[in-house]
Amino acid sequence: SNPRVNARVYDSVLDTIGETPVVKLQRMAPDGIDMYAKLEYFNPLSSVKDRLALSIVLEAEAAGLIKPGDTIVEATSGNTGIAVAMVAAARGYKCVITMAEPFSVERRKVMRMLGAKVIVTPKAGKGTGMVRKAEELCEEHGWFLCSQFETDANARFHASTTGPEILRDFAGKRLDYWVTGYGTGGTYAGAGKVLKVARPETKIILAEPEAAGLIASGIEQERNGRSHAVSHPAFTPHPIQGWTPDFIPYVLSEGLDANLHDELVPVTAEEAISTASRLAAEEGIFTGISGGATVAVALKTAAKAEKGSVILAMCPDTSERYLSTPLYATIEADMNEEELEIAKSTPSYQLLPGEDPVLAA
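Going along each chain's sequence as written, the residues are numbered from 1 onward. For this predicted model, a pLDDT threshold of at least 70 governs which residues receive local features, and a threshold of 80 or more governs which side-chain atom pairs are given and counted, while totals over whole chains, interfaces and linings are taken from all residues. Where side-chain values are given, they derive from all heavy atoms of the structure, hydrogens and water being excluded.

Caption draft 1: Structural view of the packing of aromatic side chains. Aromatic pairing here means that ring centres of Phe, Tyr or Trp (its six-membered ring) are within 6.5 Å. Orientation follows from the plane angle: under 30 degrees is stacked, over 60 is edge-to-face, and everything else is tilted. All chains considered together, the criterion is met by 3 aromatic pairs. Taken together, a centroid distance of 5.5 Å and an interplanar angle of 85 degrees make the contact between Tyr 36 and Phe 170 edge-to-face. Separated by 134 residues along the polypeptide, Tyr 36 in strand S2 (residues 34-39) and Phe 170 in the loop between helix H6 (162-169) and strand S7 (177-180) bring together distant segments of the chain. Judged by its relative accessible area of 4%, Phe 170 falls in the buried class. With a centroid separation of 4.9 Å and 75 degrees between ring planes, the pair formed by Phe 149 and Phe 247 is classed as edge-to-face. Note that Phe 149 is positioned in the loop between strand S6 (144-145) and helix H5 (152-160) and Phe 247 in the loop between strand S10 (227-228) and helix H9 (250-257), a separation of 98 residues in sequence. Accessibility expressed as a relative area gives 8% for Phe 149, which makes it buried. Overall, Phe 247 belongs to the buried group, its relative accessible area being 1%. Remark: a charge is flagged as sitting over a ring if the NZ atom of Lys or the CZ atom of Arg is within 6 Å of the ring centre and within 35 degrees of the ring normal. When the ring centre of Tyr 322 is taken as origin, the NZ or CZ atom of Arg 107, which lies over that ring, is 4.9 Å away. Helical segments are the DSSP runs of H or I of at least four residues, strand segments are the runs of E of at least two, and each set is numbered from the N terminus. Between buried and exposed lies partly exposed: a residue is buried under 20% and exposed over 50% of the maximum accessible area for its type, with that area taken using a 1.4 Å probe on protein chains only.

Caption draft 2: Helix H11 (residues 289-304), seen in detail. Over its 16 residues, H11 extends 23 Å from the first C-alpha to the last, a length consistent with the 22 Å expected when each residue adds 1.5 Å. Counting buried positions over the 16 residues of H11 gives 13, a clear majority of the element. What a helix is expected to span follows from its residue count: subtract one and scale by 1.5 Å.

Caption draft 3: Just empty space enclosed by the protein, in detail. The definitions used throughout rest on a 1 Å grid laid over the protein atoms alone, on which a cavity is an enclosed set of points accommodating a 1.4 Å probe that cannot get out and a pocket is an open set flanked by protein within 12 Å on both sides along at least five of seven lines; lining residues are those having an atom within 4 Å of a point. Grid points are joined across faces, edges and corners, and a volume is the space filled by probe spheres set on the points. This model, assessed by the stated rule, comprises 2 cavities of 30 Å³ or more. Quantified by volume, the largest cavity comes out at close to 300 Å³. Together, 26 residues line the largest cavity, and Val 48, Lys 49, Gly 183, Thr 187 and Pro 316 are the ones closest to its centre. When contributions to the lining of the largest cavity are tallied by element, the ones reaching two or more residues are helix H1 (49-62), H5 and helix H7 (186-198). When residues of the lining of the largest cavity are assigned to their parent elements, the largest contribution, 3 residues, is made by H7. The class makeup of the residues in the lining of the largest cavity is 7 nonpolar, 15 polar and 4 charged. Within this model, the second largest cavity holds a volume of roughly 50 Å³. Along its surface, the second largest cavity is lined by Glu 74, Ala 75, Val 131, Leu 145, Ser 147, Gln 148, Phe 149 and Glu 150. When the residues that make up the lining of the second largest cavity are grouped by side-chain class, the tally is 4 nonpolar, 2 polar and 2 charged. Asp, Glu, Lys and Arg are counted as charged, while Ala, Val, Leu, Ile, Met, Phe, Trp, Tyr, Cys and Pro are counted as nonpolar; the rest, among them Gly, fall into the polar class.

Caption draft 4: Expanded view of the sheet that holds strand S1 (residues 22-24). In this scheme, strands are said to pair when DSSP sees at least two bridges between them. Across the sheet, which stays open at both edges, the 6 strands sit in the order S1-S2-S12-S7-S8-S11 with mixed pairing between neighbours. Both edges of this open sheet fall to S1 and strand S11 (263-267), since each of them pairs with a single strand only. Averaged over neighbouring strand pairs, the angle between their axes works out to 25 degrees when direction is ignored. In this structure, strand S8 (residues 203-209) lies alongside S11, joined through 5 bridges in parallel fashion. Paired with Ile 205 across the bridge in S11 is Glu 263. As a rule, the C-alpha atoms of each element are fitted with a line to give its axis, helices using only the stretch in contact, and angles between N-to-C directions run from 0 to 180 degrees.

Caption draft 5: Representation of the pairing of strand S12 (residues 310-315) in the model. Taken across its 6 residues, S12 has 6 buried, putting it largely inside the fold. Every second residue of S12 is oriented toward a common face, with Val 310, Leu 312 and Met 314 on one face and Ile 311, Ala 313 and Cys 315 on the other, all of them buried. In this structure, S2 lies alongside S12, joined through 6 bridges in parallel fashion. Its bridge partner being in S12, Leu 39 is matched across the sheet by Cys 315. Relative to S12, S7 runs parallel, the two being bridged by 3 bridges.

Caption draft 6: Local environment of the state of the cysteines. Working definition: a disulfide is two cysteine sulfur atoms within 2.5 Å of each other. Within this structure, the stated rule accounts for 0 disulfides. Its sulfur unpaired, Cys 95 is 7.3 Å from the next cysteine sulfur, which belongs to Cys 146.

Caption draft 7: Up close: the packing of H6 against H7. In contact at an axis separation of 7 Å, H6 and H7 are set at 40 degrees when each is read in the N-to-C sense. In terms of orientation, H6 and H7 fall into the oblique class. The hand of the H6/H7 crossing is right-handed. Counting all contacts with H6, which are made through Thr 162, Gly 163, Pro 164, Ile 166 and Leu 167, the residues of H7 involved are Ala 191, Val 194, Leu 195 and Ala 198. Classifying every residue of the contact of H6 with H7 gives 7 nonpolar, 2 polar and no charged. Angles below 35 degrees are treated as roughly parallel, those above 145 as roughly antiparallel, those between 65 and 115 as roughly perpendicular, and all remaining angles as oblique. Each helix crossing is assigned a hand: it is left-handed if the near helix lies turned anticlockwise from the far helix by less than a right angle, otherwise right-handed if that turn is clockwise. For this analysis, residues touch if any pair of their heavy atoms sits within 4.5 Å.

Caption draft 8: Spatial organisation of the pattern of salt bridges. Any Lys or Arg side-chain nitrogen found within 4 Å of a carboxyl oxygen on Asp or Glu counts as a salt bridge. What the rule picks out here adds up to 21 salt bridges. When the shortest N-O distance is used, the salt bridge between Lys 133 and Glu 136 registers 3.7 Å. Residue Lys 133 and its partner Glu 136 are both found in helix H4 (residues 126-141); the two are separated by 3 residues, about one turn of the helix. The shortest N-O distance in the salt bridge between Glu 282 and Arg 278 comes to 2.8 Å. With Glu 282 and Arg 278 both in helix H10 (residues 269-283), this residue pair falls 4 residues apart, about one helical turn. The class for Glu 282 is partly exposed, based on a relative accessible area of 29%. Among the residues examined, Arg 278 registers a relative accessible area of 34% and is labelled partly exposed. Within the structure, one salt-bridge network assembled from shared partners comprises Lys 38, Glu 40, Arg 51 and Glu 165.

Next comes the structure, spelled out in structure tokens:
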């Protein structure tokens, strides 16, 4: 029987956003520790950012800021753009996305498939460049800017959906640690605020790339209002796409000012990639580099937690967003030695390098 008994008929794809499952790790958790992952790739466009895009568009509609046929714009590393493009398609808007050059090419193609126009900005401009381009386009054309890094709609939606989902799933049960990273900081600030109030005994662990220890540096972010004025001096490029832009977002700073986290834990790109690979091969949990990073920090937390502890980690998106990135660097298209040995173990239908194809033996 299917445990997802809430399956039903929906009026819109947008009605399927949220209510993501929490899944127990069966093989990777250390003895005596219960580890769970909240799989945000169960959202319709396979990432946590579907929540953010929906909340921004619904709030803008309610405030009379957009009407059908208008153009909505966002600067994004990929997942937010994909989510905004999907929401725009579902609600009848045009969509323009600005995206810095290094982010994976498949993300551009997905957005274009969803009907968006993708404007690629130079690598040297970093995240700041794509944000400035989006602002400039909106000023020039009178378009609506989503402002994922600054809008109150971001954390507010996580406080009304992600946080309460976790509370419901762990009602009457232990939850000792909740582990999350940050991109905009919406999940951390929104769900974190709810957990802090409702489950004060739950320790919040915030993960950050070791190569971009913006919070760890203790250096304040220079701002123009809610927007960031300059790149943060502690930033260096890292392959955990969607995490830690080259500035501390306003949304994140609200969570930091409220002292929501109990511990800040760095994670290396290597740890993130190897953990994402393990989750796929050992658990069947198909998450991206950011999910690997979060679970890597959850495993570090588990290593020093008392027996009986329960840990929940966020898995923000799907592994499939990373086919052209370092996550798949060791995954080949051609058969490896082990696969060739299996192919040769029976006589028929062999396709061996440098030899004629064999059909029926």
